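The residues making up each chain are set out below.
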Amino acid sequence: MPAFLHDYSAVIGLAIVALVFLAFALELYPPEVTATAGAVAFLALGFLSNDQFTEVFSNSAPITIGAMFVLSGALIRTGTLEAAATKVVSSAEKHPHWTLGLMAAGVLVASTFMNNTPVVVVFIPIVIELARKLDMAPSRLLMPLSFLTILGGTCSLIGTSTNLLVDGVARDKGLDPFSIFEITPIGIAAAATGVIYLGLVGRFFLPERQNASDLLGATNPNTYLTEVTVAEGAPSIGRRLEEITELSTRGIRLIAVKRGTGTIRSNLGLLELQKADRLVIVGTPEEILTLNDSEYYRVARVSKRAKDDARVIVEATVAPFRRGIGRRISDLLEISGSGVAVLGVARYRHVPGPSLAETRLRPADRLLLEGRPDAIARIAEANDLIGVDVTKARSFRRSKAPLAIGALLGVVILAAMNIADIQMLAFLAIAALLLVRVLDADEAWRSIRGDILILIFAMLAIGKGMENTGAVEMLVTAIEPIVRHAPPFVTLILIYAVASVLTEIVTNNAVAVVMTPLVISLSGVLGIEPRALVVAVMFGASASFATPIGYQTNTLVYAAGNYQFLDFTKVGLPMNILVGLVSCIAISFYYGL
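About the thresholds
- In every chain, residue numbers begin from 1 and rise along the written sequence.
- Note on the predicted model: pLDDT of at least 70 is required for a residue's local features to be given, and 80 or more for side-chain atom pairs to be given and counted; whole-chain, interface and lining totals, by contrast, use all residues.
- Heavy atoms from the whole structure form the basis of all side-chain values; hydrogens and water molecules are not counted.
- Put simply, DSSP marks the helices as runs of H or I at least four residues long and the strands as runs of E at least two long, and each gets a number from the N terminus on.
- For this measure, only C-alpha atoms enter the radius of gyration; the expected value for a globule follows 2.2 Å times N^0.38, where N is the number of residues.
- Relative accessible area decides the class of each residue, using a 1.4 Å probe on protein chains only: under 20% of the type maximum gives buried, over 50% gives exposed, and in between gives partly exposed.
- What sets the accessible areas is the Shrake-Rupley method with a 1.4 Å probe; for residues, cover comes only from the shown protein chains.
- We treat Lys and Arg as the positive residues and Asp and Glu as the negative residues; His and chain ends play no part in the count.
- Where a charge lies is defined by one atom per residue type, namely NZ (Lys), CZ (Arg), CG (Asp) and CD (Glu).
- Geometry is summarised by axes, namely lines fitted to C-alpha atoms with helices restricted to the contacting stretch, and by angles between N-to-C directions that run from 0 to 180 degrees.
- Oblique is the label for any angle not covered by the other classes, which are roughly parallel (under 35 degrees), roughly antiparallel (over 145) and roughly perpendicular (65 to 115).
- Crossing chirality is assigned from the near helix's rotation relative to the far helix, an anticlockwise turn below a right angle marking it left-handed and a clockwise turn marking it right-handed.
- Residue contacts are defined here by distance: any two heavy atoms, one from each residue, within 4.5 Å place the two residues in contact.
- The patches reported here contain residues having more than 30% relative accessible area and no salt bridge. Joining distances are 9 Å for like charges and 5 Å for nonpolar side chains (Val, Leu, Ile, Met, Phe, Trp, Tyr).
- By definition here, a salt bridge exists when the distance from a side-chain nitrogen of Lys or Arg to a carboxyl oxygen of Asp or Glu is within 4 Å.
- Cysteine sulfur pairs qualify as disulfides if the two atoms are within 2.5 Å.
- By this rule, a helix spans an expected 1.5 Å times one less than how many residues it contains.
- Think of a 1 Å grid over the protein atoms and nothing else: a 1.4 Å probe that fits but is trapped marks a cavity, an open set flanked by protein within 12 Å on at least five of seven lines marks a pocket, and residues with an atom within 4 Å of a point count as lining.
- Grid points are joined across faces, edges and corners, and a volume is the space filled by probe spheres set on the points.
- Side-chain classes are defined by residue name, with Ala, Val, Leu, Ile, Met, Phe, Trp, Tyr, Cys and Pro counting as nonpolar, Asp, Glu, Lys and Arg as charged, and the others, Gly among them, as polar.
- Pairs of N or O atoms within 3.5 Å make up the polar contacts considered here, provided that, within protein, one atom can donate a hydrogen while the other can accept it, and that residues adjacent in sequence are counted only when both atoms are side-chain atoms.

Engineer: Quick question: what am I supposed to make of the overall build of the protein here?
Structural biologist: In terms of helices and strands, the protein carries 25 helices and nine strands. Relative to its length of 593 residues, the protein is compact, with a C-alpha radius of gyration of 27 Å against a globular reference of 25 Å. Overall, the protein is about 90 × 55 × 45 Å in size when its C-alpha atoms are taken along their principal axes. Counting only residues that meet the buried cut, the protein has 52% of its 593 residues in that class. As presented, the protein carries roughly 25,700 Å² of accessible surface, and 62% of it is formed by carbon and sulfur atoms. The centroid of the 48 positive side-chain charges in the protein is displaced by 10 Å from the centroid of its 49 negative side-chain charges.

Set out below in structure tokens:
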């Protein structure tokens with residue numbers, strides 16, 4: 001290393017981190033790209049050795065985070081979250097306001113034990129539907145949805161990736177591991193404060209705006225029209241349609257029942273199901289594929305076939321060309337003569353019909369096809385179908401939902417009892433879920449957010465590079481005179497405030513990695529309990545409410561609710577201050593500062 005690099009290593013290290021944070025704030029590149037570039041800069045300048053760069057991949061925190069992504073994916077694959085959503089929507093018919101409170105509590109609890117991003121993804125359409133039932137704009141509920149998941153994530157170590165990451169960095173610096181519920185009392189205080197604020201004050205600042213979903217109308221753009229025939233021996237025969245669980249989920253809407261030569265369209269929920277009834281439904285791909293897998297229903301009147309691994313399910317779009325336009329779906333099938341089934345047809349902002357077979361194709365119609373790839377290719381060629389690709393939708397494995405729930409509860413309970421490390425428990429749970437086919441291997445790996453893990457690994461390398469350059473020591477030396485004579489509580493508030501402000505500008509995981517070793521070193525100089533300052537970083541880097549870019553769930557509802565940037569500032573800035581103050585008070589009492 002040249003002498004001038006060694007002499008000014010601390011300044012250069014801080015400059016690299018400052019440039020990385022600036023790039024985060026300006027959103028010049030995706031966060032993981034920016035972080036990787038920063039890590040490589042430390043490596044290229046010699047501030048980070050090859051061995052040290054490789055060592056970051058052995059850190060337990062990102063590995064545990066990836067495992068928790070898989071466990072969350074198992075809950076989605078088994079329809080557990082979808083089942084909870086269905087109960088929320090069905091109860092909203094009779095008790096909308098009570099349902100709103102129940103949903104808020106459910107979101108808080110769910111985000112305490114699983115990654116909050118899928119929770120928000122699942123609940124966005126539910127909240128929009130609930131808002132319609134309450135005759136209010138979805139923008140009044142979507143922002144609180146994100147805030148509740150953030151608050152829930154602070155209630156346990158596994159509630160958010162930030163908590164796990166801070167714990168992992170703190171372990172590397174010699175601190176004892178955090179137990180899964182060590183921060184729970186502080187998190188409950190923060191969550192209660194946030195809920196009270198939203199209920200009494202924050203709701204007056206929430207905007208009234210239509211969103212894209214309102215403009216599209218009630219029809220879900222990702223639903224397909226299909227027909228389902230009841231097979232002989234189905235246990236649902238003789239029961240009212242509203243009582244049949246698999247036909248009354250949130251993802252299915254019953255349009256009509258064809259019985260004999262007649263069609264029934266009214267009071268369908270009270271109708272008793274009979275053998276050979278044909279149900280005209282509009283459903284999500286996941287629900288249609290779930291019915292298609294059932295031995296008691298025949299989707300699109302297709303006879304059940306022996307298992308054939310060569311058959312695939314694809315989605316295709318009708319091109320705006322002459323061939324195929326105006327052709328009935330029944331005619332399309334006759335062309336192939338190869339056993340391809342059209343499981344459903346979707347049309348933008350319109351329900352096609354009058355039945356699946358009689359639907360005449362229009363430009364941009366989407367088809368859900370099942371068959372061998374060569375036969376599907378012939379149909380696509382003959383009818384100008386474009387965008388033919390294997391669907392990402394999968395049928396729900398609802399019968400295995402207890403296994404997915406039990407695996408997550410097992411990890412939580414055993415980790416809380418200190419039976420084993422949470423990382424080992426999570427991997428044992430994943431292995432068990434894969435062996436009993438709760439989810440398949442490709443689904444497990446697809447549920448892992450690779451971008452987040454790359455960001456975390458890169459930031460860990462940057463943190464190590466800062467330590468090697470002396471940048472951390474320089475910052476501690478600069479900060480120490482400022483807080484030397486300040487009460488510990490003031491230091492705690494200062495650290496929380498810095499973490500919170502940085503998180504509103506850049507990614508929370510980056511803030512966590514950079515600040516954790518800094519506050520641990522500072523605690524040694526000041527003689528303050530390091531766990532208290534580390535928890536302040538945990539909460540400050542997680543409790544992000546004032547901007548739509550500070551936390552990923554805020555970004556999700558930002559577009560869905562048609563919000564403006566300052567909407568988050570009006571509602572979230574007072575909440576940031578209030579939740580931060582209460583959190584610091586709770587941390588101070590909890591750790592005896």
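Engineer: Got a minute to help me understand the packing of helix 22 (residues 508-526) against helix 23 (residues 530-542) in this structure?
Structural biologist: The angle between the axes and the distance between the axes are what describe a pair of packed helices. Two elements in contact, helix 22 and helix 23, have axes whose closest approach is 9 Å; the angle formed by their N-to-C orientations is 165°. In this view, helix 22 runs roughly antiparallel relative to helix 23, as classed from their interaxial angle. As helix 22 packs across helix 23, the resulting crossing turns out to be right-handed. Taken together, the residues of helix 23 that come into contact with helix 22 (itself represented by Asn-508, Val-511, Ala-512, Met-515, Thr-516, Val-519, Ile-520 and Ser-523) are Pro-530, Leu-533, Val-534, Val-537 and Ala-541.

Engineer: Explain a nonpolar patch on the surface here, please?
Structural biologist: Among the surface-exposed residues, Leu-19, Leu-22, Leu-26, Leu-28, Tyr-29 and Val-33 lie close enough to one another that they form a single nonpolar patch of about 630 Å² accessible area. Considering the arrangement of structural elements, one finds Leu-22 in helix 2 (residues 9-26). Since its relative accessible area comes to 46%, Leu-22 is described here as partly exposed.

Engineer: Would you explain the state of the cysteines in this entry?
Structural biologist: Formally, a disulfide is one covalent bond, and it connects the sulfur atom of one cysteine to the sulfur atom of another. Applying the stated criterion across every chain, the model contains zero disulfides. The cysteine Cys-155 is free of any disulfide, with Cys-584 supplying the nearest cysteine sulfur at 16 Å. The exposure class of Cys-584 is buried, given its relative accessible area of 2%.

Engineer: Looking at this structure, I do not really get helix 11 (residues 184-200). What am I missing?
Structural biologist: In an α-helix, one turn spans 3.6 residues, which is why side chains three or four residues apart end up on the same side. Over its 17 residues, helix 11 runs 24 Å from end to end, which matches the ideal 24 Å to within 8%, given 1.5 Å per residue. For helix 11, the full list of buried residues reads Thr-184, Ile-186, Gly-187, Ala-190, Ala-191, Thr-193, Gly-194, Tyr-197 and Leu-198.

Engineer: Looking at this structure, I do not really get empty space enclosed by the protein. What am I missing?
Structural biologist: Remark: the empty space left among the atoms is shown by a probe the size of a water molecule rolled over them. Throughout the structure, instances matching the rule amount to three cavities of 30 Å³ or more. For the second largest cavity, the calculated volume is near 60 Å³. Around the second largest cavity sit Ile-65, Met-68, Phe-69, Met-114, Asn-115, Ile-158, Thr-160, Ser-161 and Leu-164, which together line it. When contributions to the lining of the second largest cavity are tallied by element, the ones reaching two or more residues are helix 5 (60-77) and helix 10 (161-172). Among the residues forming the lining of the second largest cavity, the class breakdown is six nonpolar, three polar and no charged.

Engineer: Can you walk me through the environment of Glu-443 in this structure?
Structural biologist: Along the chain, Glu-443 falls in helix 18 (residues 441-446). Here the alpha-carbon distance between Glu-443 and Arg-394, two residues 49 residues apart in the chain, equals 9.4 Å. Excluding its chain neighbours within four sequence positions, the residues that come into contact with Glu-443 are Arg-77, Arg-394 and Arg-397. A polar contact of 3.0 Å, which involves the side chain of Glu-443, links it to the side chain of Arg-394.

Engineer: Quick question: what am I supposed to make of unusual backbone geometry here?
Structural biologist: Excluding glycine, most residues fall at negative phi; most peptide bonds, likewise, are trans. Positioned with a positive phi, Ala-364 is a non-glycine residue whose angle comes to about 75°. The residue Asn-562 is not glycine, and still its phi comes out positive at about 55°. Within the secondary structure, Asn-562 is located in the loop between helix 24 (552-560) and helix 25 (565-590). Since its relative accessible area comes to 40%, Asn-562 is described here as partly exposed.

In short, geometric facts, not functional conclusions.
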